[in-house]
Amino acid sequence: MTSAEWDRVKGRLRDEVGDAAYRSWLRPITVRDTGDGSVRLALPTRFMRDWVASHYGERIRALWGAENPDVRTVELVVDAGGAAPAPAPAPHGAPPVMEPPARPAPQAAFALCEVDEIGAPLDPRFTFANFVVGKPNEFAYAAAQRIAEADRVPFNPLFLYSGVGLGKTHLMHAIAWHIREHNPSRRVLYLSAEKFMYRFIRALRDQNTMVFKEQFRSVDVLMIDDVQFIAGKDATQEEFFHTFNSLVDQGRQIVISADKSPSDLEGLEERLRSRLNCGLVADIHPTTYELRLGILQQKAEQMGALVPPKVLEFLAHKISTNVRELEGALNRVAAHAQLVGRAITLESTQEVLHDLLKASDRRISIEEIQKRVAEYFNIKLAEMSSARRSRQVARPRQVAMYLAKQLTSRSLPEIGRKFGGRDHTTVMHAVKKVEELRDIDQNFAEDVELLRRMLQG
Amino acid sequence: MSERQFALDLGHSPAFGRDDFLVAPCNAEAVAWLERWPAWPAHGLILYGPPGSGKSHLLAAFAAAHADAGAVVVAAADLDDASIPGLVDGQRIVLVDDIDRLRAESALFHLHNLTRETGRFLVLAASRPPSHLPVRLPDLASRLNALPAVGIGAPDDAVLAAVMVKQFADRQLKVGEEVIAFLVGRMERSFAAARLLVEAIDRTSLTEKRAITVPLARMVLDGIDDRQGELPWRTANGR
């Protein structure tokens with residue numbers, strides 16, 4: 001009985017989420033057991049369980065509740081039976097239909113890492129296969145691949161630099177994933193410069209710098225992200241310099257990233273600067289429209305989200321700052337669609353991202369509203385405060401009052417004053433009138449909505 | 001960790017509906033996201049809204065609801081580089097209030113990275129959306145811009161009324177519906193105005209030794225109008 005219900009729930013989910021997402025996430029689910037108003041579903045890995053819980057949990061529960069009102073809770077468990085595996089290394093090889101998620105949010109509920117852990121965990125999304133290559137980043141990409149695939153150190157260090165959010169961290173994680181998979185005996189350590197600093201300061205305080213040195217000098221590949229954060233911090237820089245030299249002398253690989261080239265980094269000691277300069281320095285240029293679009297397309301596919309091409313083009317066009325913000329924007333749009341249970345459209349995208357798209361949070365003035373509304377309905381601006389009461393001018397005036405109430409925080413008496421010294425009850429009446437008309441007249445509702453959008457920029 | 005955490009209840013439990021917090025259209029989305037924790041699209045969430053819109057209230061309620069998991073609220077002004085690892089230790093969720101007053105940008109940057117890397121959650125509250133905050137550190141700015149952000153909008157009449165009723169109640173004042181209705185129809189419609197107006201009415205009622213009635217409310221409102229033609233705090237808010 002239960003499995004028949006599950007088949008029907010699955011069928012409906014498949015219609016909702018599409019084939020790709022269904023195959024990746026929902027088909028592997030099996031029914032574990034049922035009883036007492038609850039159903040337990042099992043997934044093969046913890047990671048998949050968390051992903052399904054956060055993305056489809058609500059829907060599964062709702063659909064199942066519709067199938068069988070007795071079912072009140074749906075629980076998702078891992079089939080491995082207790083010992084959950086360590087965060088699975090990113091699948092490589094065959095191009096994955098669906099790489100791990102838009103960051104393992106709910107995973108946190110289960111795998112709270114210690115603040116102390118020496119390296120930083122690798123993001124499962126950040127693999128070479130997931131890196132969208134274009135003109136701006138192909139050189140850095142090739143250099144990173146070279147490091148990952150080489151048996152002997154090809155150049156030391158690899159110094160990656162670019163503005164924020166263009167993929168330095170992605171490439172570093174990709175190197176680490178690749179080496180872990182193809183050469184598991186090599187010890188790879190990735191961490192941010194600030195973490196290096198914290199650990200060093202703590203080691204100084206606890207007087208165990210020897211242990212600290214050992215930890216860092218026994219790795220085969222050391223990757224330090226955002227090295228600009230130790231610029232100007234003399235003691236940390238000094239220690240870093242020694243670690244660096246010791247590793248290079250032993251023929252170990254070092255990969256460094258920063259927001260500027262070694263020559264442009266401020267607060268860096270000269271000898272460290274020249275060390276950083278003597279390997280391969282590769283920069284990533286700002287993205288092009290084509291690259292941004294490519295990134296969005298890939299990301300949307302991975303998320304299993306139905307995003308109209310128009311929306312992707314809009315985002316690629318509007319959010320040109322960097323990849324992090326671009327992906328963040330797509331995330332927000334998809335998450336919002338999921339929250340409210342509606343499809344992604346150009347309108348919903350503009351709505352969700354209005355804070356990001358608007359140049360500033362300038363406030364809208366009543367004068368601006370009057371001007372726009374007058375233009376829109378093709379009447380003279382003076383009619384906004386005139387005494388004329390013919391519908392031709394009264395209606396636009398009411399719309400403007402309504403918008404003034406919605407879009408500004410001005411008091412109703414003040415709004416009334418700006419409309420030719422009218423009373424606040426007139427404003428209230430206008431608001432009521434517009435609300436009534438909106439409900440019965442579709443065209444009118446669209447006019448008002450369009451004006452609101454225009455004014456909000 | 002027990003698997004129970006992912007049990008999906010059929011019934012809706014409004015964790016923030018109680019405690020005097022009025023869930024209304026202007027804040028419904030913010031509340032919905034908080035209630036969804038930990039099923040978030042990212043490890044962090046930014047709440048933004050004008051002063052007095054209930055952000056601190058939401059943070060406190062959220063932290064209280066998840067006290068068992070380990071949640072702590074800190075003021076952004078108190079963040080500094082050295083305090084970050086200790087702050088995060090033992091907590092699952094770190095909530096930072098009033099990002100507008102952030103002094104050490106690098107501290108928030110580290111906090112963002114550390115919470116993300118260690119599977120923790122970060123909730124930030126600010127008066128403006130992240131893209132409009134004057135963040136100088138580009139590394140931080142792009143991270144904030146990439147986080148899901150949800151706004152608390154301007155209050156509608158019902159919220160404005162509820163906010164004032166609550167603020168009067170906080171001062172142990174019971175005020176008639178007609179007074180609230182009178183004010184809502186005539187005041188500047190912002191959270192900040194509601195807060196200051198209640199304050200002014202309370203003060204006037206004390207000094208004049210009069211009950212809070214419509215005539216008294218009118219007097220206070222007119223006094224504000226006569227003095228400046230605009231509410232005096234408008235300039236104070238930099239408008």
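What you see is a predicted model, and the numbers here were worked out from it, not measured in a lab.

A. Structural detail: the overall build of chain A. When you go through chain A residue by residue, the secondary structure sums to 19 helices and eight strands. With 457 residues in all, chain A has 53% of them scored as buried. For chain A, long-range pairs separated by at least 24 residues make up 73% of all intrachain contacts whose partners lie at least 6 apart in sequence. Here chain A has roughly 20,600 Å² of accessible surface; of this, 50% comes from carbon and sulfur atoms.

B. Seen up close, the sheet that holds strand 5 (residues 149-151) of chain B. All names here are of chain B. What the five strands build is an open sheet, ordered 2-3-4-1-5; its pairing is parallel. Each of the sheet's edge strands pairs with one partner strand only, and the pair in question is strand 2 (71-75) and strand 5. Across the sheet, the mean angle separating the axes of adjacent strands is 20° when strand polarity is ignored. Pairing analysis gives four bridges linking strand 3 (residues 93-97) to strand 4 (residues 121-126), with the strands arranged parallel. By the bridge assignment for strand 4, valine 96 is matched with leucine 124.

C. Highlighting the sheet that holds strand 2 (residues 38-43) of chain A. Residue and element names in this part refer to chain A. Reading across from one edge, 1-2-3 is the order of the three strands in this open sheet, with mixed pairing throughout. Pairing within the sheet leaves two strands with one partner each, and these edge strands are strand 1 (30-35) and strand 3 (73-78). The average undirected angle you get between the axes of adjacent strands in this sheet is 25°. In the sheet, strand 1 pairs with strand 2 via five bridges, with the strands oriented antiparallel. Counterpart to threonine 34 in the pairing with strand 2 is valine 39.

D. Region of the structure containing the packing of aromatic side chains. Applying the stated rule across the entire model yields 16 aromatic pairs over all chains. Relative to tyrosine 141 of chain A, the ring of phenylalanine 131 of chain A has its centre 5.5 Å away and its plane inclined at 20°; by these criteria the two rings are stacked. Taken as a pair, phenylalanine 131 of chain A in the loop between strand 3 and helix 4 (138-149) and tyrosine 141 of chain A in helix 4 lie far apart in primary sequence, ten residues in all. With relative accessibility at 15%, the residue tyrosine 141 of chain A sits in the buried group. Relative to phenylalanine 121 of chain B, the ring of tryptophan 37 of chain B lies with its centre 5.4 Å away and its plane at 75°, an arrangement referred to as edge-to-face. Within this pair, whereas tryptophan 37 of chain B is found in the loop between helix 1 (28-36) and strand 1 (44-48), its partner phenylalanine 121 of chain B is found in strand 4, the two being separated by 84 residues in sequence. Each member of the pair, tryptophan 37 of chain B as well as phenylalanine 121 of chain B, is classed as buried.

E. Up close: helix 10 (residues 289-303) of chain A. All names here are of chain A. The end-to-end C-alpha distance of helix 10 is 21 Å, a good match for the 21 Å that 15 residues give at a rise of 1.5 Å each. Residues of helix 10 that are buried include every one of Leu291, Arg292, Leu293, Ile295, Leu296, Lys299, Ala300, Gln302 and Met303, and no others. Phi turns positive, to about 70°, at glycine 304, one or two residues after helix 10.

F. Quick look at the confidence of the model for chain B. Residues and elements named next belong to chain B. Of all residues in chain B, 85% attain a pLDDT of 70 or more, and the chain-wide mean is 82. Taken as a whole, residues 1-18 scores under 50 in pLDDT and shows 45 contacts with residues more than four places along the chain or in a different chain. Across residues 226-239, where pLDDT falls below 50, the model places 25 contacts with residues more than four positions away in sequence or in other chains. Two numbers describe this predicted complex: its pTM, 0.67, and its ipTM, 0.71.

G. Layout of helix 2 (residues 55-65) of chain B. The complete set of buried residues in helix 2 of chain B reads Lys55, Leu58, Leu59, Ala61, Phe62 and Ala63 of chain B. On its buried face, helix 2 of chain B is in contact with helix 1, strand 1, strand 2, strand 3 and strand 4 of chain B.

H. Quick look at unusual backbone geometry. Between asparagine 156 of chain A and proline 157 of chain A the backbone carries a cis peptide bond, its omega angle lying at -5°. The phi angle at aspartate 226 of chain A is positive, at roughly 55°, despite the residue not being glycine. By the secondary structure assignment, aspartate 226 of chain A is in the loop between strand 6 (221-225) and helix 8 (234-249). Although it is not a glycine, lysine 209 of chain B sits at a positive phi angle of roughly 50°. Secondary-structure assignment places lysine 209 of chain B in the loop between helix 8 (191-208) and helix 9 (214-228).

I. Spatial organisation of the pattern of salt bridges. All names here are of chain A. Inspection of every chain in the model, using the stated rule, returns 31 salt bridges over all chains. Of the charged contacts, one joins arginine 205 and aspartate 206 as a salt bridge, the two residues approaching to 3.5 Å between their closest N and O atoms. Judged by relative accessible area, arginine 205 falls into the exposed class, the value being 62%. A salt bridge links glutamate 239 to lysine 213, with the shortest nitrogen-to-oxygen separation between them at 2.8 Å. Of this pair, glutamate 239 sits in helix 8 while lysine 213 sits in helix 7 (residues 209-217); the two residues are 26 residues apart in sequence, bridging distant segments of the chain. Ionic contacts of the salt-bridge type, sharing partners, join the residues Glu351, Glu449, Arg452 and Arg453 into one network.

J. Up close: the pairing of strand 2 of chain A. Residues and elements named next belong to chain A. Here strand 2 lies mainly inside the structure; five of its six residues are buried. In textbook terms, the turn of a hairpin is the stretch between consecutive antiparallel strands, and for strand 1 and strand 2 this stretch comprises two residues, one of which, aspartate 36, has a positive phi near 55°. Summarising the sheet, strand 2 and strand 3 pair through six bridges and their orientation is parallel. Considered in strand 3, the bridge of serine 38 is made with threonine 73.

K. Spotlight on the packing of helix 6 (residues 157-170) of chain B against helix 8 of chain B. Residues and elements named next belong to chain B. It is at 10 Å that the axes of helix 6 and helix 8 come closest, and there the two elements cross at 35°. As helix 6 runs across helix 8, the sense of the crossing is right-handed. For the pair helix 6 and helix 8, the contacting residues are Val159, Leu160, Val163, Met164, Gln167 and Phe168 in the first and Phe191, Ala194, Arg195, Val198 and Ile201 in the second. Looking at the contact of helix 6 with helix 8 residue by residue, the classes come out as nine nonpolar, one polar and one charged.

Rules used in this analysis
- Residues numbered from 1 in each chain as written.
- Chains lettered and ligands numbered in written order.
- Predicted model: local features only at pLDDT ≥ 70, side-chain atom pairs only at ≥ 80, totals over all residues.
- Heavy atoms only, no water.
- Helix = DSSP H or I, 4+ residues; strand = E, 2+ residues; numbered from the N terminus.
- Buried < 20%, exposed > 50% of the residue type's maximum accessible area, 1.4 Å probe, protein only.
- Contact = heavy atoms within 4.5 Å.
- Areas by Shrake-Rupley, 256 points an atom, 1.4 Å probe, with all protein chains shown as cover.
- Pairing = 2+ DSSP bridges.
- Axes fitted to C-alpha atoms, helices over the stretch in contact; angles between N-to-C directions.
- Phe/Tyr/Trp six-rings, centres within 6.5 Å; stacked < 30°, edge-to-face > 60°.
- Expected span 1.5 Å × (residues − 1).
- pLDDT = per-residue confidence, 0-100.
- Salt bridge = Lys/Arg side-chain N within 4 Å of Asp/Glu carboxyl O.
- Left-handed = near helix turned anticlockwise from the far one by under 90°.
- Nonpolar A, V, L, I, M, F, W, Y, C, P; charged D, E, K, R; others polar.

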